[in-house]
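For reference, the chains in residue letters:
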Amino acid sequence: METIGFIGVGKIGLPICDHLIKAGHRVLGYRRSSLADFEKIGGIPVQSPAEIAERADLIFACLPSDQALEDVVNGPQGIIHAVRPGQIVVEFGSHPVSVKKRYVAVLESKGVPFLDGEVSGTPGMVVAKKGAIYVAGDEEAAKSLETVIARFAEVYLYLGAFGAATTVK
């Protein structure tokens, strides 16, 4: 069973985590506010983004602001301190391409691909698995996610070069 870390377990992240847990994944979650609803669905709360990176095989994030993304990657408890080769990091939050691109080289220096991801759809659509997932960046890493993403979305599109997912959305 693959352990998936999810950072930003909010309106979009919680239903994604619910689908992953129901599919049999062990899901670790982090958010700055309460994780009570996440625990109720069987998620395992952790104390920091770094702990997600220490314990997860795959890292998804869906963050509400550019500053939150900076804190999660480079902050004192950021994933940069614990990521390792073999992991993949996907940011599903809607940030400008220029902001997301800041983290490509940072994570590549640790042997970890950072992918541009987007969720197209409302929280209700994500609950019903009707949201579309767009991913762009390292093709091999993106294609390796197809099976996992199929557990929470019917539509998955790999769109090519980093930034294409954000641009399309």
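Scroll up for the structure.
A brief structural summary. (Residues numbered from 1 in each chain as written. Predicted model: local features only at pLDDT ≥ 70, side-chain atom pairs only at ≥ 80, totals over all residues. Heavy atoms only, no water.)

1. Re the sheet that holds strand β4 (residues 58-61)
- One open sheet holds the 8 strands; their spatial order is β3-β2-β1-β4-β5-β6-β7-β8, and the pairing between them is mixed. In the strand order of this sheet, the two ends are held by β3 (44-45) and β8 (155-158), each with one partner.
- Along the sheet face, helix α1 (residues 13-22) touches β1 (3-7), β2 (26-30), β4 and β6 (114-120) and points at about 170° away from the line of β1. (Pairing = 2+ DSSP bridges. Helix = DSSP H or I, 4+ residues; strand = E, 2+ residues; numbered from the N terminus. Contact = heavy atoms within 4.5 Å. Axes fitted to C-alpha atoms, helices over the stretch in contact; angles between N-to-C directions.)

2. What to know about the packing of aromatic side chains
- Considering all chains together, one arrives at 6 aromatic pairs under this definition.
- Aromatic pair Phe60 and Phe92: ring centres 5.2 Å apart, planes at 35°, arrangement tilted. One end of the pair, Phe60, is in strand β4; the other, Phe92, is in the loop between β5 (89-91) and α5 (97-108), with 32 residues separating them in the sequence.
- Look at Phe92 and you get buried, because its relative accessible area is 2%.
- Their ring planes at 70° and their centres at 6.1 Å tell us that Tyr103 and Phe114 sit as a pair that is edge-to-face. Remark: Phe114 occurs in strand β6 and Tyr103 occurs in helix α5; sequence separation between them is 11 residues.
- Residue classification places Phe114 among the buried residues on the basis of a relative accessible area of 4%.
- Members of the aromatic cluster, connected to one another through ring pairs, are Phe6, Phe60, Phe92 and Phe152. (Phe/Tyr/Trp six-rings, centres within 6.5 Å; stacked < 30°, edge-to-face > 60°. Buried < 20%, exposed > 50% of the residue type's maximum accessible area, 1.4 Å probe, protein only.)

3. Observations concerning the pattern of salt bridges
- Tallied over the full model, the rule gives 8 salt bridges.
- A salt bridge links Lys40 to Asp37; the shortest N-O distance between them is 3.7 Å. Here Lys40 pairs with Asp37, and both are found in helix α2 (residues 36-40), just 3 residues apart, close to one helical turn.
- Two residues, Asp116 and Lys100, come together in a salt bridge whose shortest N-O distance is 2.8 Å. Here Asp116 is found in strand β6, whereas its partner Lys100 is found in helix α5, with 16 residues between them in sequence. When sorted by exposure, Asp116 lands in the same class as Lys100, which is buried.
- Each member of the salt-bridge network shares a partner with another, and the members are Lys100, Asp116, Glu118 and Lys169. (Salt bridge = Lys/Arg side-chain N within 4 Å of Asp/Glu carboxyl O.)

4. Observations concerning α1
- Summarising burial for α1: 8 of the 10 residues are buried, a large majority.
- Within the span of α1, buried status applies to Gly13, Pro15, Ile16, Cys17, Asp18, His19, Leu20 and Ile21.
- Of the residues trailing α1, Gly24 is marked for its positive phi of about 100°.

5. Here we look at the nonpolar core
- Counting 30 residues, the largest nonpolar core has Phe60, Ile133, Ile149 and Phe152 as the members making the most contacts within it.
- Put simply, the parts of the chain that give this core at least two residues each are β1, α1, β4, β6, β7 (132-136), α7 (139-143) and α8 (146-149).
- If one sorts the elements of this core by residue count, α1 sits on top with 4 residues.
- In contact with Phe152, not counting residues within four places along its chain, are Ile16, His19, Leu20, Phe60, Phe92, Val126, Lys129 and Ile133.
- In this structure, Tyr30, Ile59, Val99 and Phe114 belong to the second largest nonpolar core, which totals 27 residues. (Core = buried A, V, L, I, M, F, W, Y, C linked by side-chain atoms within 4.5 Å.)

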